[in-house]
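Listed below, chain by chain, are the residues.
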Amino acid sequence: MLKSIFKYARRNIISLSVVVISGYALYLRIISLYKRELWTDELSQLQALQGTFLDLIKVVPVREFCSYLSGDFYLIYPFFKIFAFNKWGLVIPHLIATVIGFYLLYLLCKRYIKSIWGYLITFAIVCFNNTLIFHATEIRPYAVLPTLALATFYLLLKIGDLNFKLDTYKRVWAVIFLVFVIWFHVYGVLMFGTSLLFVLISKFKDGNFKTILKNAVNFSALVLGITMPLWLYSVFGPHCIAASFKQPTFGYIPNPAHNPIGFLKGVFCNLVGDKRLYILFLGFFVPFFFSYKERGKQLLLLFINILMPICLIFISDFVSEYSFIQRQFIWVMPLFAFFLGWSWESFFVLIKRYKMKVK
């Protein structure tokens, strides 16, 4: 029997390792909640939930910068009615979202990563990332955004596999989910847009790309046709009074014009999220200096799904004189962890091939 257990563990070493690391990651997030109480931003959100649901709809434009794109209010509302200000009850949907995020990250790794080392690096970075740890149990939308970003990216990859040609049943459910993502938070449209762009560029060399593009345009038009009226109204319509108060853009991360190194450290160190793992950032340079099959997609992932959203968020903060802070790009952190795990695996494969040639 013991021998059978060892055989099973050896055959499933990757999935078992992911479960163990994810379990420890969940433990770190629960400990983080245990050590703190609800703070100002959380209490402000919860105070808006004290009336009826209709009252909530009325008060959202007064309290939130992007009005009705406040999905976490609606997500937490039924739990608040049951648990009131009890942080352990309120955190239930966010912990569920976190576990789903771990599973989605595993599915993404399963699609592109072959060795255990890529999985270990990816999940270790997600596990110990301080920003992800803190916000996972915070009663704010940042707890859910990483999971939504992973789900959107993975869903569009799967739809891309079908060349955006879906039967009615799949199309309906895909559109419903993407509408939910775009309406959940203002960054939802960025999640959708960057993921769609990654898939389309990845398929550019396909012989039937024109057909794929046509199908993608039709699919996107349906999603955006439904979502954009409310999205545009929420972004450019009535805003909370606090939105008129200007905040220093560089109060948390240094101004790149004055301190470019400090700015880059502020962004990339937060993407890794734990100084013990900063050495893994060296994987960032692998696709820039080595040539291999996956290099193009890795660079595409880096520029389209990670760097471009951060740049757009930064520009938006700078123009609107709003604070540029790491929680705003928390949703690209799991993708950056995946990118580093994928890059390191490619590097290890190159070393292995080099050793075989030498022999």
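Basis of the calculations
Residues numbered from 1 in each chain as written. Predicted model: local features only at pLDDT ≥ 70, side-chain atom pairs only at ≥ 80, totals over all residues. Heavy atoms only, no water. Patch = residues over 30% accessible without salt bridge, like charges linked within 9 Å, V, L, I, M, F, W, Y side chains within 5 Å. Areas by Shrake-Rupley, 256 points an atom, 1.4 Å probe, with all protein chains shown as cover. Salt bridge = Lys/Arg side-chain N within 4 Å of Asp/Glu carboxyl O. Helix = DSSP H or I, 4+ residues; strand = E, 2+ residues; numbered from the N terminus. Buried < 20%, exposed > 50% of the residue type's maximum accessible area, 1.4 Å probe, protein only. Phe/Tyr/Trp six-rings, centres within 6.5 Å; stacked < 30°, edge-to-face > 60°. Expected span 1.5 Å × (residues − 1). Contact = heavy atoms within 4.5 Å.

S.K.: What am I meant to see in a nonpolar patch on the surface here?
M.R.: A grouping of Ile 279, Leu 282, Phe 285, Phe 288, Phe 289, Phe 290 and Phe 303 is seen on the molecular surface, where their side chains present a nonpolar patch of about 700 Å² in accessible area. Here Ile 279 is to be found in the loop between α14 (260-272) and α15 (286-289). On the accessibility criterion, Ile 279 (55% relative accessible area) is exposed.

S.K.: Can you walk me through the packing of aromatic side chains in this structure?
M.R.: Two aromatic rings, taken as a pair, are described by how far apart their centres are and by the angle between their planes. Here the structure, examined in full by the defined rule, presents 40 aromatic pairs. Grouping aromatic residues by their ring pairs yields a cluster made of Phe 268, Phe 281, Phe 284, Phe 285, Phe 288, Phe 289, Phe 303, Phe 336 and Phe 339.

S.K.: Explain helix α12 (residues 188-202) here, please?
M.R.: An α-helical segment advances 3.6 residues per turn. Residues three or four places apart therefore align on the same side. Here α12 is 15 residues long and its end C-alpha atoms lie 21 Å apart, about the 21 Å a rise of 1.5 Å per residue gives. Among the residues of α12, those classed as buried are Gly 188, Leu 190, Met 191, Phe 192, Thr 194, Ser 195, Leu 196, Phe 198, Val 199 and Leu 200. Its buried side turned inward, α12 meets α7 (92-112), α10 (145-161), α11 (168-184), α13 (209-236) and α16 (295-320).

S.K.: How should the environment of Leu 148 be read in this particular structure?
M.R.: Mapped onto the fold, Leu 148 is located in helix α10. Sequence separation of Leu 148 and Phe 284 is 136 residues, and the distance between their C-alpha atoms is 24 Å. Apart from residues lying up to four places away in sequence, Leu 148 is in contact with Phe 180, Val 181, Phe 184 and Met 191.

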